[in-house]
Amino acid sequence: MGREVSESCVDSLLIEMVSTYADRFYASKPELAARRIESIGYQVGHQLSERYTMDRPRFGDHLEAIKFICKDFWSEIFKKQIDNLKTNHRGTFVLQDNRFRWLSHISVDPSPDSSGPSGASQDASEASVENKAAQAASMHLYFPCGIIRGALTNLGISCAVSADISNLPACSFVIRIKV
Amino acid sequence: MPAVAPRSGDAIFASAERVNAELFTLTYGAIVRQLITDLEEVDEVNKQLDQMGYNIGVRLIDEFLAKSNVSRCVDFKETAEVIAKVGFKMFLGVTATVTNWDAEGTTCSLVLEDNPLVDFVELPDTCQGLHYCNVLNGVVRGALEMVSMKTEVTWIRDMLRGDDAYELQVKLLKQIPEEYPYKDDE
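Residues numbered from 1 in each chain as written. Chains lettered and ligands numbered in written order. Predicted model: local features only at pLDDT ≥ 70, side-chain atom pairs only at ≥ 80, totals over all residues. Heavy atoms only, no water.

The name that an unreviewed UniProt entry assigns to chain B is Trafficking protein particle complex subunit, with the source organism given as Spinacia oleracea. Note on chain B: under the UniProt heading Function (unreviewed entry), the record states "May play a role in vesicular transport from endoplasmic reticulum to Golgi." According to the UniProt record, the Sequence similarities (unreviewed entry) comment for chain B is "Belongs to the TRAPP small subunits family. BET3 subfamily." (UniProt positions renumbered as here; feature names shortened; annotations may be inferred.)

UniProt, in the comment section headed Sequence similarities (unreviewed entry), describes chain A in these words: "Belongs to the TRAPP small subunits family. BET3 subfamily."

Next up, the structure:
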């Protein structure tokens, strides 16, 4: 067993990293914040997959590499495997984690902002709060998406990764392999 | 009689949810690298790392107080010991040593010989002046501010710069008296 730190170290570092980029540096440019956060994840995934595959033979095909991400790689990071893997056999893979750890720790506070509008515009304000909440949650997903993309790129597979949280607390990562 | 503060964070760390330190170390490293790319100025990177640490400290103090059962420390000396032995241990899994007290008992050093933040880190020459671990600085300052102690935290020794340990000097600037009762939200 290697060295460990408390989970709160990683959680608070991630929360702070996202807030630094999304709320402080690029508050008005969410696409830029997203790109930076994804890029930090990419570096981490690239390095981790380098370390975790050091003593392994090369993967024969894409599916083998994806299975490695679902099992070994995910277990190293989250102490559990991906719960469900689907593919259309044409380069798209959907990895579902039924209870994605990094989302269960982020409670998106739905209480209305005290400075926000109230009364007659309540509906509008609720909608915008929900919208904001969705945007905040999605900011936190660029990091794990980046990790998966970095890990696969290190295995020689270039791809695009996105996340779907319409089924919380489950989270699905959609990997589209570039041909 | 208030509960006596634990002298070690071993038990708390052992029972905490823990993760692979590699993930933590590499994530921190990737953040530092990205900040260097985005901000270019090393001083600005130091400042941002400190700010991030401060925000983290402000949040972590609640978890610290809840899990450690530490009630009120009688003085700054005891506070420093608790940070070193309980605080560092329960989050990072390592303990610090408290040393170099000044005569007034308001300045001391936290010395870390083992620091998970720097595993696999080597600084290139272009990063002269970077306080790689500056986040720790901010965490200590932020957490202490939440328990009414205003401090100044500076690096004295840094192994990434060739020193034999990490030494953080913590200087107590002032202790803000707490106000009771807390005001209800109005």
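Past the structure itself, the notes keep going.
Some remarks on the overall build of chain A
Scanning chain A from N- to C-terminus turns up 5 helices and 5 strands. Along its sequence from the N terminus, chain A presents helices and strands in the succession β-α-α-α-β-β-α-α-β-β. In chain A, 58% of the contacts between residues at least 6 apart in sequence involve partners at least 24 apart. When the accessible surface of chain A is split by element, carbon and sulfur atoms take 49% of a total near 9400 Å². (Helix = DSSP H or I, 4+ residues; strand = E, 2+ residues; numbered from the N terminus. Contact = heavy atoms within 4.5 Å. Areas by Shrake-Rupley, 256 points an atom, 1.4 Å probe, with all protein chains shown as cover.)

Things to note about the interface of chain A and chain B
Contact with chain A, which involves 35 residues of that partner, is made by 36 residues of chain B. A per-residue breakdown of the area chain A buries against chain B is headed by Arg3(A), Val5(A) and Leu13(A), which together make up 21% of the total. The partner of Glu16(A) in a salt bridge is Arg59(B), with the nearest N and O atoms 3.0 Å apart. Taken together, the elements giving at least two residues each to the side of chain A that touches chain B come down to β1 (4–6), α1 (7–25), α2 (30–52), α3 (62–78), α4 (101–104) and α5 (122–154) of chain A. Per-element accounting of the side of chain A that touches chain B gives the leading share, 14 residues, to α1(A). (Buried area = accessible area lost by both parts, 1.4 Å probe. Salt bridge = Lys/Arg side-chain N within 4 Å of Asp/Glu carboxyl O.)

A short note on the packing of helix α2 (residues 21–39) of chain B against helix α3 (residues 42–68) of chain B
All names here are of chain B. α3 packs onto α2 with a crossing angle of 135° between their chain directions and a minimal axis gap of 9 Å. As the angle between them shows, α2 and α3 are arranged oblique. Once α2 is placed against α3, the crossing between them reads as right-handed. Contacts from Tyr28, Ile31, Val32, Leu35, Ile36 and Leu39 in α2 reach Glu44, Val45, Gln48, Leu49 and Met52 in α3. (Axes fitted to C-alpha atoms, helices over the stretch in contact; angles between N-to-C directions. Parallel < 35°, antiparallel > 145°, perpendicular 65-115°, else oblique. Left-handed = near helix turned anticlockwise from the far one by under 90°.)

Brief notes about the pairing of strand β3 (residues 107–112) of chain B
Residue and element names in this part refer to chain B. A large share of β3 lies buried, amounting to 6 of its 6 residues. With burial as the criterion, each face of β3 is covered, one bearing Thr107, Ser109 and Val111 and the other bearing Cys108, Leu110 and Leu112. When strand β2 (residues 97–99) meets β3, the two strands line up antiparallel, connected through 3 bridges. In the strand pairing of β3, Val98 is matched with Leu110. Across 6 bridges, the pairing between β3 and strand β5 (residues 166–175) is antiparallel. (Buried < 20%, exposed > 50% of the residue type's maximum accessible area, 1.4 Å probe, protein only. Pairing = 2+ DSSP bridges.)

A short note on the packing of aromatic side chains
How two aromatic rings sit relative to each other is set out by the distance from centre to centre and by the angle between their planes. Counted by the stated rule, this structure contains 17 aromatic pairs over all chains. Geometrically, the ring pair formed by Tyr52(A) and Phe73(A) is edge-to-face, given 5.9 Å between the ring centres and 65° between the ring planes. Pair noted here: Tyr52(A) is in helix α2 and Phe73(A) is in helix α3, with a separation of 21 residues, a long-range link. Taken individually, Tyr52(A) and Phe73(A) each receive the classification buried, so the pair is uniform in this respect. Seen in terms of ring centroids, Tyr28(B) and Tyr132(B) are 5.4 Å apart; in terms of plane orientation they differ by 90°. Their pairing is edge-to-face. Of this pair, Tyr28(B) sits in helix α2 while Tyr132(B) sits in the loop between β3 and α5 (134–146), and the two are 104 residues apart along the sequence. (Phe/Tyr/Trp six-rings, centres within 6.5 Å; stacked < 30°, edge-to-face > 60°.)

Digging into the sheet that holds strand β4 (residues 149–157) of chain B
Residue and element names in this part refer to chain B. The strand order β2-β3-β5-β4 describes an open sheet built from 4 strands, whose pairing is antiparallel. Taken across any chain shown, the strands that pair with only one partner, and hence form the sheet edges, are β2 and β4. Going from strand to strand, the sheet's axes swing by 30° on average, the running direction of each strand aside. Packed on one face of the sheet, helix α4 (residues 76–92) meets β2, β3, β4 and β5 and runs near 15° to β3. This element, α5, spans β3, β4 and β5 of the sheet and lies at about 160° to β4.

A word on the environment of Leu103(A)
All names here are of chain A. In this structure, Leu103 sits in helix α4. For the pair Leu103 and Tyr142, spaced 39 residues apart in sequence, the C-alpha separation works out to 12 Å. Contact partners of Leu103, with chain neighbours within four places excluded, come to Ala137, Leu141, Ile165, Leu168 and Cys171.

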